[in-house]
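# What the coordinates show
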2 protein chains.
Amino acid sequence: MTAAAFPPALLDALKALLGDRVSTSESDRAQHGRDQSRHEMHMPDAVCRVLSTEEVAGIVKLCAAHSVPIVPFGAGSSLEGALIPLHGGVSVDLTGMNQILDVRAEDLDVTVQAGVTRKQLNAYLRDTGLFFPVDPGADATIGGMAATRASGTNAVRYGTMRENVVSLTVVLADGRIIKTRSRAKKSSAGYDLTAVFVGSEGTLGIITEVTVRLYGIPEVMAAAICAFPSVDAAVDTVIQTIQMGLPISRMELLDDRTIEAVNAYSKLDLPVTPTLFFEFAGSQSSVDEQAEIVEELAKGEGATNWKWSKDADERAKLWQARHDVHWAIRAQNPGKVGFGTDVCVPISALADVLRETRRDTAQHSFSTTLVGHVGDGNFHLGMQIDPEDPDELNQALKVYDRMVERTLAAGGTCTGEHGVGIGKMKYMRAEHGDAIDVMHLIKNALDPKNILNPGKVLPA
Amino acid sequence: MTAAAFPPALLDALKALLGDRVSTSESDRAQHGRDQSRHEMHMPDAVCRVLSTEEVAGIVKLCAAHSVPIVPFGAGSSLEGALIPLHGGVSVDLTGMNQILDVRAEDLDVTVQAGVTRKQLNAYLRDTGLFFPVDPGADATIGGMAATRASGTNAVRYGTMRENVVSLTVVLADGRIIKTRSRAKKSSAGYDLTAVFVGSEGTLGIITEVTVRLYGIPEVMAAAICAFPSVDAAVDTVIQTIQMGLPISRMELLDDRTIEAVNAYSKLDLPVTPTLFFEFAGSQSSVDEQAEIVEELAKGEGATNWKWSKDADERAKLWQARHDVHWAIRAQNPGKVGFGTDVCVPISALADVLRETRRDTAQHSFSTTLVGHVGDGNFHLGMQIDPEDPDELNQALKVYDRMVERTLAAGGTCTGEHGVGIGKMKYMRAEHGDAIDVMHLIKNALDPKNILNPGKVLPA
């Protein structure tokens, strides 16, 4: 659908609903046509900035009547093109829905509008002694994180959005509004609609409110970083830690090239070698106990330079550096396009898959970096591609195919936390087999006109 | 459908597939026509004892061709009539599928056939240092537990089947076999089919294999029991414990009448007053720390008689007594029919809902007992009804209606862990509103002929 084909009657109706919060300006459309990924821009025909669930429902009803696509837009931080309006239509910008509606400290949950970002929420919670742990790299919206089934560095202890979304308010493809679930801590009352919409990337409904779990800020937190002679040695330390069942908060691997980028970007002087970032949390005795065991394990794998940091500011600086890896790598590779990947394997297969993948990338001209939420078996290999060199992109695509093939053979998944979007649709049949047909049945049942984020997640 | 209407050609085809593992005997049909609930028996026309996923697929294809209902059967321990073949047809008995297929200690998961029971699995795991925590009262099958989204006393720490099922093998309504997910610890690769089938009670597909998470057996475990002057005092202790975020393993409330029944059945001599059962687990220092804090909280609420038990045998005896509550109550009420309930509320509402519910039951002639997984806000009020007195049943039904109304008003659910089955369908619209229509869309998409456990979960 091109701008010319966008029904004038629909535009008029949208303007009647939203006034000047409907835009068809080139700059607004361009801003809503791309994300943080390598995927090509496609502009929506119109951008609608919404302030309420009812407005979203109104837009959906209008678009449904005209069979025009609708794509939700949050922080714009997708890494797989999930928000790109492949077939034009309306981009529904939810960032104006940024109200924190109800903090229920007693029940350890909070309800927010979908446009609230994770940092905004945690800033708001600061005085309550509670926090929301799910932390993708970007300051994403809670709605976008739910739609992507996102996670981050805290998942090894607190789980992903799958485990942390209690319930959702969703606008269906016909404009009806539902709540997916009560606020009870557990329930066996029918189908798990929360889970149906979490991770559906806007293809089954538009998430407008989210209730998530909160946790008490641990009494004591401490960080440690530790340099290893090799990626293998670091991974072996991780595997032993997980298998001992230690309630470690974070455990992140950065390879030597990534450390180089981080040093430059975040003004650090870490030894340029594969490095694990740890965070321990709990009571003082529990933190001491965990750290002692992990230090022992790391040293057994030849680690040197085990460094503690109990100081809150230093800890925050280290973890900010970890969160800024994406920007550090981009800063170090001006003019290149970052080709991100996101496989996740059972931890028993992690060392092998990493070793073979690194052996593969070593054959190629482009620079690669490795960052891993290794406690979950999830890692991101980033390839820095010259956009003027089609051969590099081709090679990267082949590296990617082989990495996913290796991952699936090991019982893993093509995406741990970034979502399918556009880039991973081609792996879905290999990963899921006939289960893809069940996904199609659900999609067709919930969005029979295929107006919700068409062309995403499910291969045709 | 009556036995007379069961297609002879279907029976012949089933016999050709399964030989003498097809039965139409009165005793087999009766055994597969009832569960542990108050719900009326309905017999299947035939019972098929299966040994493989492929056999289940074969049965489903045959039944689909004849539009004959199929109901899966495990341990027969449903408390809501989930397994009762309301419309006759074939009861697929999965208890012969009792193989433990693959323990992956490194990945902390195991794949089992659906007929493996939770006690069988834990006995098998004994030497690995690992265990599977989900523990409903009965020695249920893992397949049945997945289908019911079951939980039990360990849920407060380890979660329910929702959190502990990694993936499923499912036979669809057309006989196709799918796997719902990879074994990766986290994934954003498309719709969460595992969650779609967990809790669907055999209405969307038949679960034949289950991969579940395992956990390291904690270094130290200790139990405590503590007598309280009132249910309110016990609940206040629970609420404070949860809000402090203590990683407590179990926290169970039994009221005075229940303690009376437990004393008689399990040969104990606990003080006959509202009582909390606690379990603490972790390292020695963590267990000591938790127990000290909770003892302090309990004493602040007027608790007396705080009793420790670090001895494994004594601990096992106490928790067996807790698990046998269902039988203890039945033994104490000969000739009565137990009317079980299973609401779950946000913990901030627990004290109020319990108080009002107990005030309500106090007005009635029948005996009531209260057992609660109170750390999750989940409790079971049991009413012991004279089956010869229709007025008692009527009164119980009204108590139940009012309890659910109170629960929903407080943001809770009509079933925390027993499932909807037959008895709670009437509450589903009040709990879910229009979201019920989404459940219907999914049901119609996955089982268009309505042959999978028809008449359950979703109200017409």
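Along each chain, residue indices are assigned from 1 in the same order as the chain's sequence is written. The lettering of chains begins at A and the numbering of ligands begins at 1, in the order of writing. The model is predicted, so local features are restricted to residues of pLDDT at least 70 and side-chain atom pairs to those at 80 or more, both for listing and for counting; the totals for chains, interfaces and linings are taken over all residues. Computation of side-chain values: all heavy atoms of the structure, hydrogens and water removed.

Turning next to the overall build of chain A. Within chain A, the regular secondary structure consists of 17 helices and 19 strands. In terms of C-alpha radius of gyration, chain A reaches 22 Å, essentially the compact-globule figure of 23 Å for 460 residues. Of all 460 residues assigned to chain A, the portion counted as buried reaches 62%. Note on contacts: a residue pair is in contact if any heavy atoms of the two residues lie within 4.5 Å. Here the contacts in chain A between residues at least 6 apart in sequence split such that 71% fall between residues at least 24 apart. Think of it this way: Lys and Arg go in the positive column, Asp and Glu in the negative one, and His and the chain ends go nowhere. Charged side chains are reduced to one point each, which is NZ for Lys, CZ for Arg, CG for Asp and CD for Glu. Here chain A contributes 44 positive and 59 negative side-chain charges, whose respective centroids are spaced 3 Å apart. Put simply, DSSP marks the helices as runs of H or I at least four residues long and the strands as runs of E at least two long, and each gets a number from the N terminus on. Computation of the radius of gyration draws on C-alpha atoms alone. For the globule rule, the value is 2.2 Å times the number of residues to the power 0.38. Between buried and exposed lies partly exposed: a residue is buried under 20% and exposed over 50% of the maximum accessible area for its type, with that area taken using a 1.4 Å probe on protein chains only.

Each partner contributes residues to the interface: chain A has 72 residues there, and chain B has 74 residues. For the chain A and chain B pair, buried surface summed over both sides reaches about 6100 Å², with 54% attributable to carbon and sulfur atoms. Any carboxyl oxygen of Asp or Glu that lies within 4 Å of a side-chain nitrogen of Lys or Arg is treated as forming a salt bridge with it. Taken together, the connections running from chain A to chain B amount to 11 salt bridges. One salt bridge connects Asp376(B) with Lys186(A), and the closest N-O pair in it is separated by 3.7 Å. Within 3.5 Å is the distance limit for a polar contact, defined as a pair of N or O atoms, with the added protein rule that one can donate a hydrogen and the other accept it, and that residues adjacent in sequence qualify only through two side-chain atoms. At the boundary of chain A and chain B, one finds 44 residue pairs in polar contact (both at pLDDT 80 or more). Elements with a contribution of two residues or more to the side of chain A that touches chain B: helix 6 (155–158), strand 9 (177–179), helix 8 (193–197), helix 9 (231–243), helix 11 (284–300), helix 16 (425–432) and helix 17 (435–446) of chain A. If one sorts the elements of the side of chain A that touches chain B by residue count, helix 17 of chain A sits on top with 9 residues. Note on terms: buried area is the combined drop in 1.4 Å-probe accessible area of two parts once they are placed together, counting the loss on both.

UniProt positions are given in the numbering used here, feature names are shortened, and annotations may be inferred rather than shown by experiment. According to UniProt, the feature "domain: FAD-binding PCMH-type" (unreviewed entry) maps to residues 40–217 of chain A in the numbering used here. Here residues 40–217 of chain A runs as 24% helix and 25% strand, with 41 Å between its end C-alpha atoms.

Moving on, we get to the nonpolar core. The biggest cluster of nonpolar side chains holds 188 residues, and the ones touching the most others in it are Met161(A) and Met161(B). With residues near it in sequence (within four places) discarded, Met161(A) still touches Phe132(A), Val134(A), Ile142(A), Met145(A), Ala146(A), Arg149(A), Ala150(A), Val198(A) and Val212(A). By nonpolar core we mean a set of buried residues, namely Ala, Val, Leu, Ile, Met, Phe, Trp, Tyr and Cys, connected to one another through side-chain atoms within 4.5 Å.

Residue and element names in this part refer to chain B. Pairing between strands is defined by DSSP: at least two bridges between the two strands are required. Sheet architecture is open: 4 strands sit in the order 1-2-4-3, paired in mixed fashion. Of all strands in the sheet, those with a lone pairing partner are strand 1 (22–23) and strand 3 (70–73), marking the two edges. Axis angles are defined between N-to-C directions and span 0 to 180 degrees, where every axis is a line fitted to C-alpha atoms and, for a helix, only to the segment in contact. Contacts from helix 3 (residues 53–66) reach strand 2 (46–49), strand 3 and strand 4 (90–93), with the element oriented near 175 degrees to strand 4.

Turning next to unusual backbone geometry. All names here are of chain A. Positioned with a positive phi, Asn 450 is a non-glycine residue whose angle comes to about 55 degrees. Assignment of secondary structure puts Asn 450 in the segment after helix 17. By relative accessible area, Asn 450 is classed as partly exposed at 39%.

Another aspect to go through is the pattern of salt bridges. One pass over the structure, following the stated rule, counts 61 salt bridges over all chains. One salt bridge in this structure joins Arg49(A) and Asp28(A), with 3.0 Å as the shortest N-O distance. Note that Arg49(A) is positioned in strand 2 (residues 46–49) and Asp28(A) in helix 2 (residues 26–31), a separation of 21 residues in sequence. Residue Arg49(A) is classed as partly exposed on the basis of its relative accessible area, which comes to 28%. Between Asp342(B) and Lys424(B) there is a salt bridge; the shortest N-O distance is 3.8 Å. In this pair, Asp342(B) is assigned in the loop between strand 16 (337–339) and helix 14 (350–361) and Lys424(B) in the loop between helix 15 (390–409) and helix 16 (425–432), connecting sequence segments 82 residues apart. Lys424(B) matches Asp342(B) in its accessibility class, with the two residues each being buried. Here the salt bridges share partners, and the residues they tie into one network are Asp102(A), Arg104(A), Asp107(A), Asp109(A) and Arg183(A).

Looking now at the domain arrangement of chain A. All names here are of chain A. An automatic or database domain assignment is the source of the domain bounds shown. Its domain assignment divides chain A into domain 1 (3–93), domain 2 (100–216), domain 3 (220–327) and domain 4 (333–429). Each of domain 1 and domain 2 has a C-alpha centre, and the two are 23 Å apart. Listed by partner, the interface residues are 14 residues for domain 1 and 17 residues for domain 2. Both sides of the domain 1 and domain 2 interface together cover about 1100 Å² of buried area, and 72% of this is carbon and sulfur. Viewed at the interface, domain 2 and domain 1 are joined by 0 salt bridges.

To continue, consider the pairing of strand 8 (residues 165–171) of chain A. Residue and element names in this part refer to chain A. With 7 of 7 residues buried, strand 8 lies mostly within the body of the structure. As judged from the 6 bridges shared by strand 8 and strand 10 (residues 206–213), these two strands associate in the antiparallel manner. Note that in strand 10 the partner of Val 171 across the bridge is Ile 206. Across 3 bridges, strand 8 lies against strand 9 in antiparallel orientation.

Residue and element names in this part refer to chain A. Taken N-terminus to C-terminus, the directions of helix 14 (residues 350–361) and helix 15 (residues 390–409) make an angle of 165 degrees; their axes are 10 Å apart at the nearest point. Between helix 14 and helix 15, the interaxial angle falls into the category roughly antiparallel. Like other packed secondary-structure pairs, helix 14 and helix 15 cross with a definite hand, here right-handed. The residues of helix 15 that touch helix 14, namely those facing Val 353, Glu 356, Thr 357, Asp 360 and Thr 361, are Val 399, Arg 402, Met 403, Arg 406 and Thr 407. Orientation labels follow simple angle bins: below 35 degrees gives roughly parallel, above 145 gives roughly antiparallel, 65 to 115 gives roughly perpendicular, and whatever is left gives oblique. Take the far helix as the reference: if the near one is turned anticlockwise from it by less than a right angle, the crossing is left-handed, and if turned clockwise, right-handed.

This next bit is on the sheet that holds strand 16 of chain B. All names here are of chain B. Taken together, the 7 strands give an open sheet; going across it, the order is 15-12-14-13-17-18-16, and neighbouring strands pair in antiparallel fashion. Where the open sheet ends on each side, the last strands, each with one partner, are strand 15 (304–309) and strand 16. Each adjacent strand pair in this sheet contributes to an overall mean axis angle of 15 degrees, direction not counted. Note: strand 16 against strand 18 (residues 378–385), 3 bridges, orientation antiparallel. When the sheet's bridge partners are listed, Val 337 is paired in strand 18 with Ile 385. Strands strand 16 and strand 18 of the sheet are contacted by helix 15, whose axis makes an angle of about 165 degrees with strand 18.

Right, let's get into a negative patch on the surface. On the surface, a cluster of negative charge is made up of Asp288(A), Glu289(A), Glu292(A), Glu296(A) and Glu219(B). Secondary-structure assignment places Glu219(B) in the loop between strand 11 (215–216) and strand 12 (220–227). Only residues above 30% relative accessible area that lack a salt bridge enter a patch, with like-charged residues linked at up to 9 Å and the nonpolar side chains Val, Leu, Ile, Met, Phe, Trp and Tyr linked at up to 5 Å. Under the convention used here, a 1.4 Å probe and the Shrake-Rupley method define accessible areas, while residue burial counts only the protein chains that appear.

Fitting of the copies onto one another was done by least squares over C-alpha atoms, counting residues only where both copies have pLDDT of at least 70. Once turned by 180 degrees and shifted 0.0 Å along the axis, chain A lies on chain B with an RMSD of 0.0 Å. A rotation of that kind, with that shift, is consistent with a two-fold axis. Here 100% of the interface residues in chain A have copies in chain B that are interface residues too; the copies meet face to matching face.

Bringing the packing of aromatic side chains into the picture now. Aromatic contacts are taken between Phe, Tyr and Trp rings whose centres are within 6.5 Å, Trp giving its six-membered ring; a plane angle under 30 degrees counts as stacked, one over 60 as edge-to-face, and the others as tilted. Across all of its chains, the model carries 18 aromatic pairs over all chains by this definition. Their ring planes at 40 degrees and their centres at 5.6 Å tell us that Phe278(A) and Trp306(A) sit as a pair that is tilted. Linking Phe278(A) in strand 14 (residues 275–282) with Trp306(A) in strand 15 (residues 304–309), this pair joins segments that are 28 residues apart in sequence. Trp306(A) matches Phe278(A) in its accessibility class, with the two residues each being buried. Between Phe277(B) and Trp319(B), the aromatic rings sit 5.8 Å apart at their centres with planes inclined by 70 degrees, giving edge-to-face as the arrangement. With Phe277(B) in strand 14 (residues 275–282) and Trp319(B) in helix 12 (residues 312–323), the pair connects residues that are 42 residues apart, well separated along the chain. Each member of the pair Phe277(B) and Trp319(B) is classed as buried. Among the aromatic residues, those joined into a ring-pair cluster are Phe278(A), Phe280(A), Trp306(A) and Trp308(A). Here, a charge over a ring means that NZ of Lys or CZ of Arg falls within 6 Å of the ring centre while also lying within 35 degrees of the ring normal. The ring of Phe339(A) carries the charged tip of Arg38(A) above its face, separated from the ring centre by 3.9 Å. Positioned above the aromatic ring of Trp319(A), the side-chain terminus of Arg250(A) is 4.3 Å from the ring centre.

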